[in-house]
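Architecture and fold: a report
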Amino acid sequence: MDCVIIGGGVAGMQAAFSCRQHWPQKTVTLIDAEPEVGYFRTLLPQFMVRTLAPSKLFFRKPEDDSRFVVRPGLRAASLDRSNRRVILENGEKIPYERLILASGGRPVIPGICVRSSGSGIFPVRSLTSARMVQKWLPDHPQIVILGGGLVGVKTAAHMARPEMTVTLVEKEDHLLPQALSPQAAALVKAHLQQKHIRVITGHSIEDIQTQAAEIKAICIGGKEIPCGTLLVAAGSVPDVEFLQTSGLLVNGELAVSASLQTCDQHIFAAGDSVTVMRAGHFTPWTWPQAITQGKLAGRNIYARDPLQLSCLTRVNSMNLNGLSLVVLGAPAAGAEVVAYARPREGIYRELFLKNGRIVGGALVGDISGAGVLHAAMNADVEVDKNDEDLLKPGSRALRQVSIRCFRPARRVLFV
Ligand SMILES: Cc1cc2nc3c(=O)[nH]c(=O)nc-3n(C[C@H](O)[C@H](O)[C@H](O)COP(=O)(O)OP(=O)(O)OC[C@H]3O[C@@H](n4cnc5c(N)ncnc54)[C@H](O)[C@@H]3O)c2cc1C
């Protein structure tokens, strides 16, 4: 076999399409542990509450390509690099000429959930568990979501329906602690509360009570909250367990160069499973990055002149069931903050600046100008922190930034 890909999430799929496009004479075999592949993981919350038509969940259209084979339902157990083979859990050995690792992330399940014997606890990560939640929810509409990060907040926003009660629990003092400042997070919290979602911050689950083999309540801050469905969104970690003996991990991380090559010249990697070593450790685990990296890995896998990733930001855009949000980058220690707020309209925009350069920020409620600010951040363009209109939607100051970003030619290259 020519190119083998482990992982059929967005990074693996994009790598496959890109490899077939750039190296049409090469065959591609993609292996994934799940029975279904090529779906929008980001839309699982809507899918769980049936507000998304099942047909809209999949981005992969059945391809008419005899040189691209997808093998779902198979898990890679280890690599035999000296013989260039992937060993599957079922014992099968798959030879490769080139290999792309795109095994993504696996959910973190807190010990209290692992120890519970009750049914009704589901991680929010895969379509397999989302299908189970879909069936379970109608009879268990008292929902608790554990984790107020991106996945938990998105899930809560889409679960807000009259027939359900939803409680979101975050152990830090505000929602989205790794992405937003307390001020920006306050708007997200207010939006969720408007949708009748109960938000509890600064606490975690202390106990899970069960009855007749199903969970029935959780305890937080000594109080009991009825709960028939516990959705776990407590973060994810790279799914690289099967690479433990491969020699590819550096301090437990799947380290790749800026061209996404591992320490083995025949093996590249992309997406949530990797750490990019470029002027530090970059773990930009987002959907847009998984797409960009997948495409680049597929292009680079047979290239004599591998290209490098040009964009290592973690920019993320989403709609939280009525509230638009763009995260340009997390609050940075020692950064100056420039903010623009129209609280009554639910708008808050902020930038984090170091030496006059944008190193992060967020736009809540009004995301206009996000592309310009992202480009300025990427191109390291200096902005005027004293200009009061810098963050005002549609302002002259924003247009000036845009002109400087794109002059004399576009300096931001997206691979
Ligand atoms: C509910 C939800 C909402 C999200 N919303 C957003 C959002 O709005 N914006 C954003 O930027 N990001 C979002 N994310 C994160 C985003 O989905 C991930 O960054 C992205 O899916 C990573 O893609 P990937 O292909 O690297 O990994 P994954 O999507 O995790 O895919 C990896 C695949 O590899 C398979 N695999 C793993 N190990 C093996 C093995 N040993 N053998 C075979 N197959 C294996 C897995 O089954 C999986 O299908 C969200 C995530 C979730 C769960």
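The model shown is predicted, which means the values in this text are computed figures rather than measured ones.

To continue, consider the sheet that holds strand β1 (residues 3-6). Read across the sheet, five strands follow the order β3-β2-β1-β7-β20 without closing on themselves; strand pairing throughout is parallel. Edge positions in the open sheet fall to β3 (68-72) and β20 (267-269), since each of these has one partner strand only. When the angles between neighbouring strand axes are averaged without regard to direction, this sheet yields 15°. Strand direction decides the pairing type here: β1 and strand β2 (residues 28-32), joined by four bridges, are parallel. Looking at β2, one finds that Ile6 is bridged to Ile31. This element, helix α1 (residues 10-22), spans β1, β2, β3 and β7 (98-101) of the sheet and lies at about 175° to β2.

Before going further, it helps to spend a moment on the pattern of salt bridges. Enumeration according to the criterion identifies 15 salt bridges in this entry. We note a salt bridge from Arg85 to Asp80, for which the minimum N-O separation is 3.0 Å. Judged by its relative accessible area of 26%, Arg85 is partly exposed. A salt bridge links Asp305 to Arg299; the shortest N-O distance between them is 3.6 Å. Judged by relative accessible area, Asp305 falls into the partly exposed class, the value being 47%.

Around the ligand, the surrounding shell holds 35 residues, and the nearest of these are Asp32, Arg41, Arg125, Trp287 and Asn316. Asp239 places a polar side-chain atom, nitrogen or oxygen, 3.5 Å from a nitrogen atom of the ligand. Within the complex, the protein chains bury 96% of what would otherwise be the 1,000 Å² of accessible surface of the ligand. Listing elements by their share of the shell around the ligand, those giving two or more residues are α1, β2, α5 (150-159) and α7 (287-300).

Here we come to the side chain of Thr292. Structurally, Thr292 is set in helix α7. Here Thr292 falls in the buried class, since its relative accessible area comes to 17%. A polar contact of 3.0 Å, which involves the side chain of Thr292, links it to the backbone oxygen of Pro288.

In this model α7 runs 20 Å from its N-terminal to its C-terminal C-alpha over 14 residues, within 8% of the 20 Å that 1.5 Å per residue would give. Counted residue by residue, α7 has ten buried out of 14 residues, so it is predominantly covered. Those residues of α7 that sit buried are Gln289, Ala290, Thr292, Gln293, Gly294, Leu296, Ala297, Gly298, Arg299 and Asn300. Buried positions along α7 lie against α1, β7, β20 and β21 (274-277). Residue Thr286 occupies the N-cap position of α7, its side-chain oxygen lying 3.3 Å from the main-chain nitrogen of Gln289.

The next point concerns the packing of helix α8 (residues 370-378) against helix α9 (residues 396-405). Axis separation between α8 and α9 bottoms out at 9 Å; the angle between their running directions is 45°. One way to sum up the angle between α8 and α9 is to call them oblique. Regarding α8 and α9, the two cross each other, and that crossing is left-handed. Between α8 and α9, the residues in contact are Val372, Leu373, Ala375 and Ala376 and Leu398, Val401, Ser402 and Cys405, respectively. Residue composition of the contact of α8 with α9, grouped by class: seven nonpolar, one polar and no charged.

Each value, and the rule that gives it
- Residues numbered from 1 in each chain as written.
- Predicted model: local features only at pLDDT ≥ 70, side-chain atom pairs only at ≥ 80, totals over all residues.
- Heavy atoms only, no water.
- Pairing = 2+ DSSP bridges.
- Helix = DSSP H or I, 4+ residues; strand = E, 2+ residues; numbered from the N terminus.
- Axes fitted to C-alpha atoms, helices over the stretch in contact; angles between N-to-C directions.
- Contact = heavy atoms within 4.5 Å.
- Salt bridge = Lys/Arg side-chain N within 4 Å of Asp/Glu carboxyl O.
- Buried < 20%, exposed > 50% of the residue type's maximum accessible area, 1.4 Å probe, protein only.
- Near = heavy atom within 4 Å.
- Polar contact = N/O pair within 3.5 Å; in protein donor to acceptor, adjacent residues only side chain to side chain.
- Areas by Shrake-Rupley, 256 points an atom, 1.4 Å probe, with all protein chains shown as cover.
- Expected span 1.5 Å × (residues − 1).
- Parallel < 35°, antiparallel > 145°, perpendicular 65-115°, else oblique.
- Left-handed = near helix turned anticlockwise from the far one by under 90°.
- Nonpolar A, V, L, I, M, F, W, Y, C, P; charged D, E, K, R; others polar.

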